[in-house]
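One-letter residues, chain by chain:
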Amino acid sequence: MKRKIKVLIAKPGLDGHDRGAKVVASALRDAGMEVIYTGLHQTAEMIAEAAIQEDVDAVGLSILSGAHMTIFPAVKALLKEKGGEDILLFGGGIIPAEDMKKLKEMGVNELFGPGTSTRDIVNYLNSVFRAETA
């Protein structure tokens, strides 16, 4: 029996628009993944701590506020500091292409822009974790 991929979906900062995060969380659940949704207004510290406590495989951030260049690196650094350097970090929202490139250079694994199919996100996570969950 294969192990379920465990994903934490977080909505950091002051952004109160969580429909996208909830849609992604639901799609991941429907695909057979175990999903923890943290709710609105999470700090980087709260997200990293929840990821460690829940022993997740991946953290997905939904950011529409424009704070992506601050929040993604902060979560990445805190995960590393707390022993979660092997946790995959992905996300989406309103992120310009040049910022996506910089964030990937900083260690963010994957970013999805507006209009991305939830199937693409499911397929990405399945492809990354397929060997580990078999």
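Note: the structure precedes this text.
Summarised in this report is the structure supplied together with it. These numbers come from a predicted model, not from an experiment.

**Re the packing of aromatic side chains**
What describes a pair of aromatic rings is the distance from one ring centre to the other and the angle between the planes of the rings.
And step 1. Counted by the stated rule, this structure contains two aromatic pairs.
And step 2. One aromatic cluster is present, formed by Phe90, Phe112 and Tyr124 through successive ring pairs.

**Some points on the packing of helix 3 (residues 68-81) against helix 4 (residues 97-105)**
And step 1. Packing of helix 3 against helix 4 brings their axes to within 11 Å, and their N-to-C directions diverge by 15 degrees. Taken together, the axis directions place helix 3 and helix 4 in an arrangement best described as roughly parallel. Here helix 3 runs over helix 4; the crossing is right-handed. Residues His68, Met69, Phe72 and Pro73 of helix 3 lie in contact with helix 4, whose contacting residues are Asp99, Lys102 and Leu103.
And step 2. Its residues assigned to classes, the contact of helix 3 with helix 4 shows four nonpolar, one polar and two charged.

**Some thoughts on the pairing of strand 4 (residues 88-93)**
And step 1. Counted residue by residue, strand 4 has six buried out of six residues, so it is predominantly covered.
And step 2. Burial along strand 4 is two-sided: Leu88, Phe90 and Gly92 and Leu89, Gly91 and Gly93, pointing in opposite directions, are all buried.
And step 3. Here strand 3 (residues 58-63) runs beside strand 4; their pairing, made up of six bridges, is parallel. Residue pairing for strand 4: Ile63 is matched across the bridge by Gly93.
And step 4. At this point the chain moves from strand 3, through helix 3, to the parallel strand 4, and the crossover so formed is right-handed.
And step 5. Pairing analysis gives three bridges linking strand 4 to strand 5 (residues 110-112), with the strands arranged parallel. Looking at the pairing, Gly91 lines up with Leu111 of strand 5.
And step 6. The parallel pair strand 4 and strand 5 is bridged by helix 4, and the resulting crossover is right-handed.

Procedures and definitions
- Residues numbered from 1 in each chain as written.
- Predicted model: local features only at pLDDT ≥ 70, side-chain atom pairs only at ≥ 80, totals over all residues.
- Heavy atoms only, no water.
- Phe/Tyr/Trp six-rings, centres within 6.5 Å; stacked < 30°, edge-to-face > 60°.
- Axes fitted to C-alpha atoms, helices over the stretch in contact; angles between N-to-C directions.
- Helix = DSSP H or I, 4+ residues; strand = E, 2+ residues; numbered from the N terminus.
- Parallel < 35°, antiparallel > 145°, perpendicular 65-115°, else oblique.
- Left-handed = near helix turned anticlockwise from the far one by under 90°.
- Contact = heavy atoms within 4.5 Å.
- Nonpolar A, V, L, I, M, F, W, Y, C, P; charged D, E, K, R; others polar.
- Buried < 20%, exposed > 50% of the residue type's maximum accessible area, 1.4 Å probe, protein only.
- Pairing = 2+ DSSP bridges.
- Right-handed = clockwise from strand over helix to strand, strands pointing away.

Keep in mind these numbers describe shape, not what the thing actually does.
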